[in-house]
Amino acid sequence: MTNTEREEVLSKARAAKAVAPVFAQLTTPRKNEILRRAAENLVAHTDDILEANKKDIESGKEAGMSDSLIDRLSLDADRIEGIADGLRQVAGLQDPVGEVLQGRNMDNGIQMKQVRVPLGVMGMVYEARPNVTVDAFGLALKSGNVPLLRGSKSARNSNLKLVGILQDTLDEFELSRDGVQLLPCESHDSVQDLITARGLVDVVIPRGGAKLINAVVTGATVPAIETGTGNCHFYVDASADLDKAIDMVINGKTRRTSVCNSTEAVLLDSALSDDDKLRVIKALQDADVTIHGVVSELEALGATDVVEATDEEWHEEFLSMDICAKVVDGVDGAIAHIAEYSTGHTEAIAAQDADVLQKFGNEVDAAAVMLNASTAFTDGEVYGMGAEIGISTQKLHARGPMALPELTSSKWVLQGTGHTRP
């Protein structure tokens, strides 16, 4: 990265730091008005956004980008309307800033309270998805933060157009365009400059593949909130309603393969009959899903056209029409397998035995556990949070869908009448 590009990152970080106090003090009605206007402006500029996105898609195809990444990158009128709806939903959510988390009067008469406050300057590092550009702006604005956006080169034209529209919206309200900025993306060095800008950037949030997330989390000197990859499992217990179980597995796998809540492995209880195990496998194959697993094990059930799973495939996301399948020894076997291979995102079970459901819910260690529900439900919008910034798989501060409350910190405010401490 050239010195000029490095200075651009630091210059934009300094500008964000300078305007952060202004955005932290915006009133809730003003923030909501900005968000609704931004939604209107995005829809009004649909044709311009699609023209920019078309350039990115063409470049991606020329570069040999996978179908799943092309899907993440692609916009159409409906998706733009959905992005705008995300901003409208955020406008309708409760503002977390200023919320009193707890408070009491101390024995000496001092009034004490803990209050939610913005994090400050929020660095976002993400891949391919231009919708994250708008989601990050909306959630940052409503929670009183200022976003620095480092999108991928593959979405460069889309992100430039989207950020320009958002900055124009801030202009309408006589607010600084530095309230949302796009960082250079020509070199990966710009990521390193962002995540080491201590004193200028208050928190950094990576959203993307395992390689990106690991690079940010291990290389950052700025506090990082980890959003994780989703090696999500679905366990079918012998007590399950098999028709419903199959529907849930198919939904989790095929609804949208490129997202982190896609089901990547199906675990079959050994107590199921071989015919029932085969029904699950054939239902997936009939939905054009390729089965990976231990070929000898699955062929013994009568399965055909099975691909031998590599060790890496048990650990990683496919993000495609592929799934691992394995027979396990009941719920204990499922829990053990998940403990070894899970990324801690979402794990699901189909069962009618209440004890099995309780055991799975209590013992599986993940940000979200689905009992008789598809893995596809791990989503901030579905949870009623509006657009999310990502799914956190860490255990500090935030876990699961990260929305408005997760983008705040807190401070203690003590009010006395001239108290001194003996």
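Rules and cut-offs
Residues numbered from 1 in each chain as written. Predicted model: local features only at pLDDT ≥ 70, side-chain atom pairs only at ≥ 80, totals over all residues. Heavy atoms only, no water. Pairing = 2+ DSSP bridges. Helix = DSSP H or I, 4+ residues; strand = E, 2+ residues; numbered from the N terminus. Contact = heavy atoms within 4.5 Å. Axes fitted to C-alpha atoms, helices over the stretch in contact; angles between N-to-C directions. Phe/Tyr/Trp six-rings, centres within 6.5 Å; stacked < 30°, edge-to-face > 60°. Buried < 20%, exposed > 50% of the residue type's maximum accessible area, 1.4 Å probe, protein only. Lys NZ or Arg CZ within 6 Å of the ring centre and 35° of its normal.

Draft legend 1. Representation of the sheet that holds strand β13 (residues 368-371). With parallel pairing, the 7 strands of this open sheet are ordered in space as β10-β9-β11-β8-β7-β12-β13. On the outer flanks of this sheet lie β10 (307-308) and β13, each paired with one strand and no other. On the sheet, helix α10 (residues 242-254) packs against β7 (232-236), β8 (263-269), β11 (322-328) and β12 (346-350) and is oriented at approximately 170 degrees with respect to β7.

Draft legend 2. Molecular detail of the packing of aromatic side chains. Following the criterion strictly, the structure yields 2 aromatic pairs and no others. An angle of 40 degrees between the planes, with centres 6.3 Å apart, marks the rings of Trp314 and Tyr341 as tilted. Of this pair, Trp314 sits in helix α13 (residues 311-315) while Tyr341 sits in helix α14 (residues 330-341), and the two are 27 residues apart along the sequence. Look at Trp314 and you get buried, because its relative accessible area is 10%. What makes Tyr341 buried here is its relative accessible area of 13%. Sitting over the ring of Trp314, Lys326 keeps its end group 5.9 Å from the ring centre.

Draft legend 3. Broad picture of the pairing of β12. Burial of β12 is extensive: 5 of the 5 residues sit out of reach of the surface. Side chains of β12 alternate between two faces, with Thr346, Ala348 and Ala350 and Glu347 and Ile349 buried alike. Bridge count for β7 against β12 is 4 bridges, and the pairing is parallel. When the bridges of β12 are listed, Tyr235 appears paired with Ile349. Relative to β13, β12 runs parallel, the two sharing 4 bridges. When the sheet's bridge partners are listed, Thr346 is paired in β13 with Ala368.

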